[in-house]
Amino acid sequence: MNKKELFIELKGIQGRGITIFLEGEKSTPETVTELLCIQEDSSYMRDYVYDKGVLKELHFDKVQNK
């Protein structure tokens, strides 16, 4: 996925009232897109948080390579 596609996806998610987190902190589509596109040597995992079957939060957390 390229930078523009990721940004559009995250803006759409945020527009649906879903809160985006980056490393445990509330974030924005702009910040997440920039970091994920800059950090090519790091991997981030998405964690979808649901409440009663409805997506409420999307978390991005760095995966620790051992």
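Each remark here, short or long, concerns the structure printed above.
Counting of residues starts from 1 at the beginning of each chain's written sequence and follows it residue by residue. For a predicted model such as this one, the threshold for reporting local features is a pLDDT of at least 70, and the threshold for listing and counting side-chain atom pairs is 80 or more; totals across whole chains, interfaces and linings nevertheless cover every residue. Values shown for side chains rest on all heavy atoms present in the structure; no hydrogens or waters enter the calculation.

## Topic: unusual backbone geometry
- In this structure, Glu23 takes a positive phi of about 50° despite not being glycine.
- We count a stretch as a helix when DSSP gives it H or I for four or more residues in a row; a strand needs E for two or more, and each element gets its number in order from the N terminus. Here Glu23 shows up in the loop between strand E1 (19–22) and strand E2 (25–26).
- The phi angle at Lys52 is positive, at roughly 55°, despite the residue not being glycine.
- You can see Lys52 is positioned in the loop between strand E3 (43–51) and strand E4 (54–63).

## Describing the pairing of E1
- Where E1 lies against E4, four bridges are found, and the strand directions are parallel. Bridge pairing in E4 places Phe21 opposite His59.
- At least two bridges found by DSSP between two strands is the condition for calling them paired. Pairing of E1 with E2 involves two bridges; the strand directions are antiparallel. Its bridge partner being in E2, Phe21 is matched across the sheet by Lys26.
- The antiparallel hairpin formed by E1 and E2 contains two residues in its connecting segment, where Glu23 sits at a positive phi of about 50°.

## Describing the side chain of Thr33
- Turning to its location among the elements, Thr33 is positioned in helix H2 (residues 29–38).
- Three exposure classes are used, based on accessible area relative to the maximum for each residue type with a 1.4 Å probe and protein chains only: buried under 20%, partly exposed in between, and exposed over 50%. Classification of Thr33 by relative accessible area gives buried; the value is 3%.
- Here the side chain of Thr33 touches Pro29 through a polar contact of 2.7 Å, landing on its backbone oxygen.
- Setting aside chain neighbours within four positions, we find Thr33 in contact with Lys3, Leu6, Phe7 and Leu10. Here a polar contact is taken to be a pair of N or O atoms separated by no more than 3.5 Å, where protein atoms must pair a possible hydrogen donor with a possible acceptor and residues adjacent in sequence count only if both atoms sit in side chains. Throughout, a contact is declared for two residues whenever any of their heavy atoms are within 4.5 Å.

## Quick notes on the nonpolar core
- In terms of nonpolar packing, the biggest core is built from eleven residues, these being Leu6, Leu10, Ile13, Ile18, Ile20, Leu22, Val32, Tyr44, Leu55, Leu58 and Phe60.
- Of all the secondary structure elements, the ones that give two or more residues to this core are helix H1 (3–15), E1 and E4.
- Beyond its immediate sequence surroundings of up to four residues, Ile18 is in contact with Ile13, Leu55, Lys56, Glu57 and Leu58. Remark: nonpolar core denotes a set of buried residues (Ala, Val, Leu, Ile, Met, Phe, Trp, Tyr, Cys) joined through side-chain atoms within 4.5 Å.

## Side note on H1
- With 13 residues, H1 ought to run about 18 Å at 1.5 Å a step, and its terminal C-alpha atoms sit 18 Å apart, in line with that.
- Buried within H1 are the following residues: Leu6, Leu10 and Ile13. Relative to the axis of H1, the buried residues are bounded by an arc of 55° and lie together on one face. When the buried face of H1 is taken as reference, the exposed residues oriented beyond 90 degrees from it are Lys4, Ile8 and Gly15. Here the expected length of a helix is defined as 1.5 Å per residue gap, with one fewer gap than residues. This arc describes the spread of directions from the helix axis toward the C-beta atoms.

What is shown is where atoms sit, not what they do.
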